[in-house]
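Analysis of the macromolecular model
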Amino acid sequence: MENYALSFENVTVAFGEVEVLRNFSCDIKKGEFVSVIGPNGSGKSTMINAILQSIRTKSGEIYLNGKNNKDYSSKQRAQYAAVVPQVFSTSFAFKAWDVVMMGRNPYLSRMQSETAEDVAIVEEAMRITNTLHLKDRKITSLSGGERQRVIIAGALAQKPKLLILDEPTNHLDIHHTLEILQLVKKLNVEEGLTVFAVLHDINMAARFSDRLILMKNGVNVKTGTIEEIVNEETLKPVYMIDMVVKNNPLTQSLEMVALRKKTDEIKTDAAKVHVISGGGSGAVILEKLKRTGYRVTSGVLNLGDSDYDLCHFLEIPTVTEAPYNNISDEVHRKNVSVMNDSEVIIITDVPIGNGNLKNIEALNEINLEGKKIYVLPSENRDYTEGKKADRIIGELVEKGIAGYIRLNELVEKIEGYSLVERV
Ligand code: ADP
Ligand code: MG
């Protein structure tokens, strides 16, 4: 059997009758960075407390470096694994230096005082966590971020092979969150430190970890690579929110954007709105409509168009055409029927050329009775021969069916549910 840094084998923890960790298993390879994610109360901290034996397991076994956790003395365990708990309470105002020096305790026999080596290790741990300048400060006087870095320095002073962190960036601002996770990642990559972290921020977990463990209600829902876990299909049922997952080109990692709780669904009395856009011109409107609870459709958009991507993420039904293709007759017919079904049509300032002219021509083929058309003004909308799009829109404006509106006014109407005047 491979010697894992950390293994849980069917571990169950119960408080009274309630099992808050149920049959939990995982194997963390040496050198891996594995994060545990999951909603509050899913048993993440329980898992870590079980390693520390601060709570008892009902059944199952935990192994550290291939040896049963029960066969370690707490000092021996601390030489292999350092744990940064979710809550670090200090009733005594230790100096930061002394807090970090406590990390050397596992190596000191009783009454033995610290050696020059211990001092050097503490200094180094404080240097890399950027806390050396705080060494004489009382731990109680430090800010949340400073204190957390000192506590991590203490964990590093243990010279562990395995670093276990429980929400190490809780309550920290984004700057300190990144600082801490980048440091941990660096130690992981450069020194081969194995990292097992509870991170409630899915995006941070996705960005820094090799693998994820997804928990809910004490049960391991799924363990896998970032791609296997950070996708809508896997996360939605666990978090019960509407979300989109996309690749962030800046960080090259998958990101989850929470949109809203699953419960406030579409408002059935809000109008059905169809958006004619493309190339990102619909982004603000599409997002606003969807978020405010309208029944939105869009099209025709080419696959790969940025408005198409957005519609896909927002789960807006979209009539689509193949990339770079002109709108075919078949797709056009589908679009006409979708537009017929809507009460409001919004035309963004998307440029109209021969490829997407059919979106405008469709306005002449649908039943316009009771429909309201909003047009965002554009200096140069029409690139077609004979300015066909401008002509069609102009006629509709003249008839009072369509009207020009500025983006901010349109957004106000969307938010005020006043796109259609209802009697
Ligand atoms: P997480 O860290 O994922 O938010 P926890 O492991 O802290 O979740 O808690 C898991 C469940 O166990 C929660 O329902 C919590 O209320 C319960 N729990 C935690 N500690 C105790 C305890 N000492 N006594 C009773 N229930 C507890
Ligand atoms: Mg917790």
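Being a predicted model, the structure only gives us computed values, none of them experimental.

Glancing now at the sheet that holds strand 15 (residues 318-321). Within a beta sheet, neighbouring strands are joined by backbone hydrogen bonds and run either parallel or antiparallel to one another. In spatial order, the strands read 15-14-13-16-17-18; together these six strands make up an open sheet with parallel pairing. Each end of this open sheet is capped by a strand with a single partner; those strands are strand 15 and strand 18 (402-404). Geometrically, the sheet is characterised by an average inter-axis angle of 20 degrees between neighbouring strands, direction not taken into account. Taken together, the four bridges between strand 13 (residues 272-276) and strand 16 (residues 344-347) define a ladder with parallel strand orientation. Residue pairing in the sheet places valine 273 in a bridge with valine 344 of strand 16. In this fold helix 12 (residues 329-340) packs onto strand 13, strand 14 (295-302), strand 15 and strand 16, with an angle of close to 165 degrees to the strand it touches most, strand 15. Against the sheet, helix 14 (residues 388-398) engages strand 16, strand 17 (372-375) and strand 18, with an angle of about 100 degrees to strand 18.

Before going further, it helps to examine the coordination of the magnesium ion (ligand 2). Within the first shell, the magnesium ion (ligand 2) binds the protein through Ser45 (OG) and Gln86 (OE1), at distances of 2.1 to 2.3 Å. Of this pair, serine 45 sits in helix 1 (residues 44-51) while glutamine 86 sits in the loop between strand 6 (81-84) and helix 3 (96-101), and the two are 41 residues apart along the sequence. Given a relative accessible area of 35%, glutamine 86 falls into the partly exposed group.

A word on unusual backbone geometry. Following glycine 299, the chain continues to valine 300 via a peptide bond in cis, the omega torsion being -10 degrees. Following the sequence through the fold, valine 300 ends up in strand 14. Even without being glycine, asparagine 10 reaches a positive phi, approximately 50 degrees. Checked against the element boundaries, asparagine 10 lands in strand 1 (residues 6-15). The backbone of tyrosine 417 sits at a positive phi, close to 50 degrees, despite the residue not being glycine. On the secondary structure map, tyrosine 417 appears in the segment after helix 15 (407-415). Residue classification places tyrosine 417 among the partly exposed positions, given a relative accessible area of 35%.

What follows covers the packing of helix 10 (residues 283-292) against helix 11 (residues 306-314). Packing of helix 10 against helix 11 brings their axes to within 10 Å, and their N-to-C directions diverge by 10 degrees. Taken together, the axes of helix 10 and helix 11 lie roughly parallel to each other. Every pair of crossing elements has a handedness; the one defined by helix 10 and helix 11 is right-handed. Two secondary-structure elements touch here, helix 10 through Ala283, Leu286, Glu287 and Lys290 and helix 11 through Asp307, Leu310, Cys311 and Leu314.

Our focus in this paragraph is the layout of surface pockets. In this structure, the largest pocket encloses a volume near 530 Å³. Around the largest pocket sit 24 residues that line it, and Ala78, Val83, Phe88, Met102 and Gln158 are the ones nearest its centre. Of all the secondary-structure elements, those providing two or more residues to the lining of the largest pocket are helix 2 (74-80), strand 6 and helix 5 (144-157). It is helix 2 that provides the largest number of residues to the lining of the largest pocket, a total of four residues. Residue composition of the lining of the largest pocket, grouped by class: 14 nonpolar, eight polar and two charged. Reported here for the second largest pocket is a volume of approximately 420 Å³. In terms of lining, the second largest pocket is formed by 19 residues, of which the most central are Ile128, Leu156, Lys159, Leu187 and Glu191. Going through the elements one at a time, helix 4 (116-128), helix 5 and helix 6 (174-191) are the ones with two or more residues in the lining of the second largest pocket.

A word on the domain arrangement of the protein chain. Along its sequence, the protein chain is carved into domain 1 (4-259) and domain 2 (272-415). Taking only C-alpha atoms into account, the centre of domain 1 sits 49 Å from that of domain 2. Contacts between the two partners involve seven residues from domain 1 and, on the opposite side, four residues from domain 2. Interface area for domain 1 against domain 2, summed over the two sides, is near 470 Å², with a carbon-plus-sulfur share of 57%. At the junction of domain 1 with domain 2, the criterion picks out one salt bridge. In this structure, the salt-bridge partner of glutamate 315 is lysine 236, at a minimum N-O distance of 2.6 Å. Joining domain 1 to domain 2, the criterion identifies one residue pair in polar contact (both at pLDDT 80 or more). Where the side of domain 1 that touches domain 2 is concerned, the elements lending two or more residues are helix 9 (232-239) and strand 11 (241-248). In terms of residue count, the dominant contributor to the side of domain 1 that touches domain 2 is strand 11 (four residues). Here the residues of the side of domain 1 that touches domain 2 are counted per class, giving four nonpolar, no polar and three charged.

What counts and what doesn't
For every chain, the first residue of the written sequence is number 1, and numbering continues from 1 onward in sequence order. Note on labels: chains are lettered from A, ligands numbered from 1, in written order. Given that this is a predicted model, residues contribute local features only at a pLDDT of at least 70 and side-chain atom pairs are listed and counted only at 80 or more, while totals for whole chains, interfaces and linings are drawn from all residues. Side-chain descriptors were evaluated using all non-hydrogen atoms of the structure, hydrogens and water having been removed beforehand. In this scheme, strands are said to pair when DSSP sees at least two bridges between them. In this text, helices come from DSSP runs of H or I with a minimum length of four residues, and strands from runs of E with a minimum of two, each type numbered from the N-terminal end. Note on geometry: axes are lines fitted to C-alpha atoms, helical ones only across the stretch in contact, with angles between N-to-C directions running from 0 to 180 degrees. Contacts are residue-level and defined by heavy atoms, with any inter-residue pair within 4.5 Å sufficient. Coordinating donors are taken as N, O and S atoms within 2.8 Å of the metal, stretched to 3.2 Å for Na, K and Ca; because water is absent from the atoms, sites can appear incomplete. Burial here depends on accessible area, computed with a 1.4 Å probe over protein chains only, as a share of the maximum for the residue type. Under 20% is buried, over 50% is exposed, and the range in between is partly exposed. In what follows, roughly perpendicular refers to angles from 65 to 115 degrees, roughly parallel to angles under 35, roughly antiparallel to angles over 145, and oblique to any angle outside these ranges. What makes a crossing left-handed is the near helix being turned counterclockwise from the far one by less than a right angle; a clockwise turn instead makes it right-handed. Points on a 1 Å grid over protein atoms alone make up a cavity when a 1.4 Å probe fits among them but cannot get out, and a pocket when they form an open set with protein on both sides within 12 Å along at least five of seven lines; lining residues each have an atom within 4 Å of a point. Grid points are joined across faces, edges and corners, and a volume is the space filled by probe spheres set on the points. Each residue is assigned to one class: nonpolar for Ala, Val, Leu, Ile, Met, Phe, Trp, Tyr, Cys and Pro, charged for Asp, Glu, Lys and Arg, and polar for all the others, Gly among them. For every domain, the bounds stem from an assignment made automatically or drawn from a database. Summed over both partners, the accessible area (1.4 Å probe) lost when two parts come together is defined as the buried area. What makes a salt bridge here is a side-chain nitrogen of Lys or Arg within 4 Å of a carboxyl oxygen of Asp or Glu, nothing more. We call two N or O atoms a polar contact when they sit within 3.5 Å, provided that within protein one can donate a hydrogen and the other can accept it, with sequence-adjacent residues counted only if both atoms are side-chain atoms.

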